[in-house]
Amino acid sequence: MDFDYDLFVIGGGSGGVRAARVAAGEAGAKVALAEGDRYGGTCVIRGCVPKKLMVFASEYSGMAAEAEAYGWSASITDFNWNTFHGKLVEELDRLEGVYRRLLAGSGVETFDQRAKIADAHTVELADGTRKTAKHILIATGGTPVRPDMPGAELGIVSDDIFHLPEMPKRILIVGGGYIACEFAGIMNGLGVETTLYYRGAQILRGFDDEARGLIADEMRDNGIDIHTGTNVLEMKKTDSGAIWTKGSNGHEAEFDVVLFATGRKPMTDNMGLEEVGVKLGRAGEIIVDQYSQTAVPSIYAIGDVTNRVNLTPVAIREGMAFVETVFKGNKTAVDHDLIPSAVFTQPEMGTVGLSEEQAAEQEPIEVYSTSFRPMQTSFAGQQKRVLMKLIVSKETRKVLGCHIVAPGAGEMIQMAGIAVKMGATKEDFNRVCAVHPTMSEELVTMRKPTRTA
Ligand code: NDP
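Just so it is clear, the structure is predicted and the values come from calculations on it, not from any experiment.

A. Just the packing of helix H1 (residues 14-25) against helix H10 (residues 312-327), in detail. Taken N-terminus to C-terminus, the directions of H1 and H10 make an angle of 30°; their axes are 8 Å apart at the nearest point. Put simply, H1 runs roughly parallel to H10. The crossing of H1 and H10 is right-handed. Taking contact as the criterion, the partners of Ser 14, Gly 15, Arg 18, Ala 19, Val 22 and Ala 23 in H1 are, on H10, Thr 312, Ala 315, Ile 316, Gly 319, Met 320, Phe 322, Val 323 and Phe 327. Each residue belonging to the contact of H1 with H10 can be placed in one class, and the counts come to 9 nonpolar, 4 polar and 1 charged.

B. Main features of the sheet that holds strand E8 (residues 156-157). Across the sheet, 5 strands lie side by side as E8-E15-E9-E10-E11; this open sheet has parallel pairing. Every other strand in the sheet has two partners, leaving E8 and strand E11 (225-228) as the edge strands with one partner each. Of the pairings in the sheet, the one linking strand E10 (residues 193-198) to E11 comprises 4 bridges and is parallel in character. In the strand pairing of E11, Tyr 197 is matched with His 227.

C. Local environment of the sheet that holds strand E13 (residues 243-247). In spatial order, the strands read E12-E13-E14; together these 3 strands make up an open sheet with antiparallel pairing. Looking at strand neighbours, the two that pair on one side only are strand E12 (232-237) and strand E14 (252-255), the edges of this open sheet. Sheet twist, expressed as the average angle between the axes of neighbouring strands with direction ignored, equals 25°. Here E13 runs beside E14; their pairing, made up of 4 bridges, is antiparallel. Its bridge partner lying in E14, Thr 245 is registered against Ala 253.

D. Examining the side chain of Thr 195 more closely. Among the secondary structure elements, Thr 195 is positioned in strand E10. Not counting chain neighbours up to four residues away, the residues in contact with Thr 195 comprise Ile 171, Leu 172, Ile 173, Asp 225, His 227 and Phe 255.

E. Just the packing of aromatic side chains, in detail. For the coordinates displayed, the defined rule picks out 9 aromatic pairs. Each ring, one from Phe 79 and one from Phe 84, has its centre 6.0 Å from the other, and the planes form 50°; the classification is tilted. What makes Phe 79 partly exposed here is its relative accessible area of 30%. Given a relative accessible area of 16%, Phe 84 falls into the buried group. Ring geometry for Phe 322 and Phe 327: centres 6.0 Å apart, planes at 80°, overall edge-to-face. Classification of Phe 322 as buried rests on a relative accessible area of 0%. A network of ring pairs unites the aromatic residues Tyr 5, Phe 8 and Phe 111 as a single cluster. It is Lys 426 that lies over the ring of Tyr 368; its NZ or CZ is 4.4 Å from the centre.

Definitions and cut-offs
- Residues numbered from 1 in each chain as written.
- Predicted model: local features only at pLDDT ≥ 70, side-chain atom pairs only at ≥ 80, totals over all residues.
- Heavy atoms only, no water.
- Axes fitted to C-alpha atoms, helices over the stretch in contact; angles between N-to-C directions.
- Helix = DSSP H or I, 4+ residues; strand = E, 2+ residues; numbered from the N terminus.
- Parallel < 35°, antiparallel > 145°, perpendicular 65-115°, else oblique.
- Left-handed = near helix turned anticlockwise from the far one by under 90°.
- Contact = heavy atoms within 4.5 Å.
- Nonpolar A, V, L, I, M, F, W, Y, C, P; charged D, E, K, R; others polar.
- Pairing = 2+ DSSP bridges.
- Phe/Tyr/Trp six-rings, centres within 6.5 Å; stacked < 30°, edge-to-face > 60°.
- Buried < 20%, exposed > 50% of the residue type's maximum accessible area, 1.4 Å probe, protein only.
- Lys NZ or Arg CZ within 6 Å of the ring centre and 35° of its normal.

So this is what it looks like as C-alpha cells:
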C-alpha cells in the first residue's frame, strides 16, 4: 500500500522534532510533522529554557550584598519585568525559528495545526485534511493540571507565569514538586513575597531526604514562607482585585497571583487514540513497550505523553531510539536507568541514582555525606550550606547514588553521572585526585562513612 509519508509525527517539541529530522535527514524517510502551538514545545517555549533564564534573572538580587562583602560598592535595585520579558519573548521567537529551520533543512514537511489519529495509518489535521503514513509517532507532551476546588480558575499554571502582565507583589505557589520549588526561588529572588503550600510533610517528594531537607531550610532562609501539610481549600477575588485564599491549616491570606504547580498530565485527550486501539494508562498516558511502540504496531509514542521519565533529554533519546529501531533496522530499547537530572531550586540540586532511602530498602549501604558552608559565600558572611553525598553498596562497592545541593550542582552532576553510569565504585572515586579548592572535591575525599544502613 502506498502512503503519503513514511512517518507522520504529531507534536513539535523536543522529542518529536528530533525524531522527525533524524528520520528524514539521516534515514532518508519522507516525513511530516504537525504542531498546533509553537515549535519547540514545553521545554523551549514554556518550560526549561524560559525557566532557566528566569532563574538567572532572579539570582542577581543577592549578588550586590555578596560583592559588597568582597569590597565592591554595589547596588541592585528594581527589577524591570518589562525589560526582561521583552528580551525573553525575542529569545523564544529566535529559538522557535531555529526549530522550524531545522525541520525545513532536513526536508520535513510541517503543518501548523493540531492533528489526531483517524486510523492505524491515517492522521486527520484540524482543517479536516487526512494524511496517511506507514508509521505515526505521537509526541504531544503534557499539560499542567489545575486542582478541582472553588475559585481554582483564579489561579494560573506554569504556562502563564512567563507572560505575566506585571510582577506581582505577593504570590502563592501550590505544590511541592520541581515546578513549585523552582518558581518559589525565582519569584523570591525577583523580589516577590513568596508563600508555598505543600500538602505533604516535606517538599520534593521522591528525592533524597537529606537533600530535600537542606533545600527546604535554605529556601526558608532565603525568605520563602513554606507551609507543609497545607493545601488551598478555597479562593475568592477580593474587592481590591487580590485573591483571598484559605489554607487547610487555617492560614488565610491575600495574594496577587496564585500559581498551581500541582503536576502535569499527558496530552492524549480527543486524539482518537483509544478508538483505534492505542492503550492508555490511568493517568491518560500512552502505554508503550521498550521500543516506544503502542498496542497498535504502526503507532509509536515518545516523551511526556508516555509518562515514563518526563525530561527533555529523555524524550530526545526516546526519539533517537525510535528512529534507530524503525528506520535504521537497529532495534534499540531506551535506557531509563541512572538518568542524571537537576532541579533549579536555589540552591540547585543535582542527582543521579538512588536516594539513601531507596538504596537502603534495596540492600545494605554506606552513606558518605558532608554538608558545609562553601568558601565563596562563607567569606561574605553568609550561612548558606551545600551538600555532597554518595550512597555506596556495601557488597559491590558501587556508587548507587550521588546527590549534590550546591550552586552549579546541575553542571557537577553531569560529570558525576558519567562515573555512576559506568559503574564506578567508591574506591574508583577515591583514586581520583581532588580539584582544590572546589566544593565537589568532597566527592573524592570523603573517607569514612557517615552512617551505614
Ligand atoms: P510534580 O509531579 O513534580 O509535582 C506536583 C506537585 O503538586 C507535588 O508536590 C504534588 O504533591 C502536588 N499536587 C498534585 N496534585 C495536587 C493537588 N490536587 N493539590 C495540591 N497539591 C497537589 O509536577 P511538576 O508540575 O512540578 O513537574 C512536572 C514534571 O515536569 C516533573 O515531574 C518533571 O519530570 C518535569 N520537570 C522537570 C524539571 C527539571 O528537570 N528541572 C523542571 C520542571 C519540571 P505530592 O508530592 O503529594 O503528590
